[in-house]
Amino acid sequence: MNLRPCLIPVLWACLAGAAHCAATTPDWWPRPAPGLWKAETTLRSARTVTTTQCIDTATQKAAEAEAQKQTQGCKPSVHQRNGNVFTSETVCGDTTTQVRLTVTDNQSYTSEVKSLTHGKPSVVVVQKQTRLGDCASAQSPDASLRVSPAK
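Reading the values: the criteria
Residues numbered from 1 in each chain as written. Predicted model: local features only at pLDDT ≥ 70, side-chain atom pairs only at ≥ 80, totals over all residues. Heavy atoms only, no water. Buried < 20%, exposed > 50% of the residue type's maximum accessible area, 1.4 Å probe, protein only. Core = buried A, V, L, I, M, F, W, Y, C linked by side-chain atoms within 4.5 Å. Helix = DSSP H or I, 4+ residues; strand = E, 2+ residues; numbered from the N terminus. Salt bridge = Lys/Arg side-chain N within 4 Å of Asp/Glu carboxyl O. Pairing = 2+ DSSP bridges. Expected span 1.5 Å × (residues − 1). Arc of directions from axis to C-beta. Contact = heavy atoms within 4.5 Å.

Draft legend 1. Summary view of unusual backbone geometry. Phi is positive for histidine 118, close to 55°, though the residue is something other than glycine. For histidine 118, a relative accessible area of 60% gives the class exposed.

Draft legend 2. Highlighting the nonpolar core. Grouped together as the largest cluster of nonpolar side chains are 9 residues: Trp29, Trp37, Ile55, Phe86, Val99, Leu101, Val103, Tyr109 and Val113. Broken down by secondary-structure element, the contributors of at least two residues to this core are β5 (95–105) and β6 (108–117). With 3 residues, β5 is the largest single contributor of residues to this core.

Draft legend 3. Structural context of the pattern of salt bridges. Counted according to the given criterion, the structure contains 4 salt bridges. Between glutamate 40 and lysine 38 there is a salt bridge, with the nearest N and O atoms lying 3.7 Å from each other. In this structure glutamate 40 comes out as partly exposed when scored by relative accessible area, which is 23%. Judged by its relative accessible area of 26%, lysine 38 is partly exposed.

Draft legend 4. Main features of the pairing of strand β1 (residues 35–43). Pairing between β1 and strand β2 (residues 48–55): 8 bridges, direction antiparallel. Residue pairing in the sheet places threonine 41 in a bridge with valine 49 of β2. Relative to strand β7 (residues 120–133), β1 runs antiparallel, the two sharing 8 bridges. Within β7, the position partnered with tryptophan 37 by the bridge is arginine 131.

Draft legend 5. Molecular detail of helix α2 (residues 57–70). In this model, α2 (14 residues) spans 20 Å end to end at C-alpha, consistent with the 20 Å of a helix rising 1.5 Å per residue. The set of residues buried in α2 consists of Thr59, Gln60, Ala63, Glu64 and Ala67. Axial view of α2: buried residues confined to an arc of 135°, hence all on one face. Exposed and oriented more than 90 degrees from the buried face of α2 are Ala58, Lys61 and Lys69. Next to the buried residues of α2 lie β2.

Draft legend 6. Spotlight on the pairing of β6. Relative to β6, β5 runs antiparallel, the two being bridged by 10 bridges. Residue pairing across strands places valine 103 opposite tyrosine 109, the latter belonging to β6. Linking β5 back to β6 in an antiparallel pair, the connection comprises 2 residues. The pairing of β6 with β7 spans 10 bridges and is antiparallel. Bridged to serine 115 within β7 is valine 123.

Structure (structure tokens):
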């Protein structure tokens, strides 16, 4: 499972294995503003890993392109919106990935991803993303990923 694209708070839905991310998201799907973002990621109620990363438009587009590449051959994703809650479901072979994204404001989001294999939960990831501000002038997008020790 490739979690690298999932650590980038770009697609918000792309959290639990890039092969099952919402690869083709509609224009109305939330995308982060450029800047420095913190993501607190918890996998199956285990320890939380905190990452920070400088995000720009190019980083976001690259993550979306990678997700599209890794979901070739999957059924088209189904996306819905109900107020500030966005949901997506993607089916790839025997695995269905369900995404629930709650937008607090344009500076913070919470997403939950559940992957089901043969109808049984195989991966559950919860991620809270918060924009910390602008990137420092010396920070280059994508290369600035920082991971803190698990709690």
